[in-house]
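Residue-level structural notes
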Amino acid sequence: MGQKWVIVTGATDGIGLITARRMAESGASLGLVARNAEKGARVVEDLKRETNNSDIRFFKADLSKLDDVRSVAEEISAANPQLDVLVNNAGAMFVGKQMSADGFEMTFALNHLSVFLLTNLLKDQLVSADGGRVVTVASMAHRGSDLNFADLDGQKGSYSAWRAYQRSKLANILFTRELADRWKETRVTANCLHPGFVASRFGENNNAAFSTFFKVGKIFAISPEKGAETSVHLASDESVAGETGGYFIKKKRVQPSRAARNADTAKRLWEESLRMTGLTT
Ligand SMILES: NC(=O)c1ccc[n+]([C@@H]2O[C@H](COP(=O)([O-])OP(=O)(O)OC[C@H]3O[C@@H](n4cnc5c(N)ncnc54)[C@H](OP(=O)(O)O)[C@@H]3O)[C@@H](O)[C@H]2O)c1
């Protein structure tokens, strides 16, 4: 794909790491965003060696913190005035209820608010590219969920890790839909995907019982290599240039749940997310 400038969040492990490797192999200039600088430096060195691509750098940010999102957006913008591809991949599930530094439920903060804020802060750079792409890793887990605007991040009621995760992944799809609509006058496209059930480190940042659940489940899971295929497809394949507002599984555009197709919910989520992140437009 030539000298494209590509950012992958959560690129130090799992699906994001493989997505980053594929992008590096394609000759792109690559920026990896994650929270652990030591691990990031190691991954950059490994990728440079494995792919013979020296144009790879690391940006440190704990994406659950809005201040970190703001500062990393500035660093990314300063590094290059145009951004061809933003892969919003970082995400997690938290077994116990946690609050983010900004006072939001942690799953919602990391999986949705950071995606919303980072993408919006990089708008000028994406618009400057020749057909910029925003690719967001959602999940089939959104099915069975809906948003409750009286308690959007779910911090008031009793906590369920699964319900919090479902809510955040539904938000990814609604965000993608609304982004495609709001940015339709630009040449930027926005798509999201379910990667499959992937044997990554997902779920291991939780307590022992939860980790065991994921370890057993992973016997049936696909590899991160396979899991990254749809992200890579949406980030780089010519066949999806111009395609926007879609939800993909196995590289095919499919319908998400009814709740994920509700235009009013998408609009309202956008307005609330503006307020929560302190953005004005
Ligand atoms: N695995 C699945 O079956 C599955 C299914 C559907 C959707 N997904 C989605 O796929 C995406 C990637 O998941 P994965 O399975 O590859 O997970 P993973 O192996 O746990 O990797 C997650 C990546 O995100 C980074 N990250 C986590 N918290 C962060 C934070 N606060 N700030 C910055 N970076 C952070 C991690 O960094 P560290 O290296 O520091 O931990 C790591 O690089 C997620 O959005 C997930 O919801 C996964």
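Above: the structure in question.
Here we summarise the structure given alongside this text. Keep in mind that this is a model prediction, so the values were computed, not measured.

1. Let's talk about the environment of Ala199
By the secondary structure assignment, Ala199 is in the loop between strand 6 (189–194) and helix 7 (208–217). Sequence-wise, Ala199 and Ala73 are 126 residues apart; in three dimensions their C-alpha atoms are separated by 30 Å. If we ignore the near neighbours within four places in the chain, the residues touching Ala199 are Lys218, Ala221, Ile222, Ser223 and Pro224.

2. Description of unusual backbone geometry
The bulk of non-glycine residues show a negative phi, and the bulk of peptide bonds are trans. Although it is not a glycine, Lys250 sits at a positive phi angle of roughly 45°. One can find Lys250 in the loop between strand 7 (246–249) and strand 8 (252–254). One non-glycine residue with positive phi stands out, namely Lys251, at about 70°. Within the secondary structure, Lys251 is located in the loop between strand 7 and strand 8. Owing to 14 C-beta atoms within 10 Å, Lys251 belongs among the partly exposed residues under this scheme.

3. Observations regarding the nonpolar core
With 80 residues, the main nonpolar core has Val6, Ala20 and Leu32 as its most contacted residues. Discounting residues that sit within four places of it in the chain, Leu32 has contacts with Val8, Ala11, Thr12, Ala20, Gly40, Val43, Val44, Phe58 and Phe59.

4. Considering the site of the ligand
Inspection of the region around the ligand gives 29 residues, with Gly10, Gly14, Gly91, Ser200 and Phe202 positioned closest. Among the elements that line the shell around the ligand, the one with the most residues is helix 1 (residues 14–25), at three residues. Broken down by class, the residue content of the shell around the ligand amounts to 13 nonpolar, 11 polar and five charged.

About the thresholds
- Per-chain numbering applies: the sequence of each chain, read as written, is numbered from 1 onward.
- The predicted nature of this model means local features are confined to residues of pLDDT at least 70 and side-chain atom pairs, given and counted, to a pLDDT of 80 or more, with totals for whole chains, interfaces and linings taken over all residues.
- Numbered from the N terminus, helices here are DSSP runs of H or I no shorter than four residues, and strands are runs of E no shorter than two.
- Residues are scored as being in contact if the C-beta atoms we place from backbone atoms lie within 7 Å.
- To assign burial, the other C-beta atoms lying within 10 Å of each residue's own C-beta are counted, with C-beta atoms placed from the backbone; 20 or more indicates buried, 12 or fewer indicates exposed, and intermediate counts indicate partly exposed.
- What makes a nonpolar core is a set of buried Ala, Val, Leu, Ile, Met, Phe, Trp, Tyr and Cys residues, with links drawn between C-beta atoms within 7 Å.
- Any residue whose C-beta atom, as set from the backbone, lies within 6 Å of a molecule or strand is reported as near that molecule or strand.
- Note that Gly is not counted as nonpolar here; it falls among the polar residues with everything else outside the nonpolar set of Ala, Val, Leu, Ile, Met, Phe, Trp, Tyr, Cys and Pro and the charged set of Asp, Glu, Lys and Arg.

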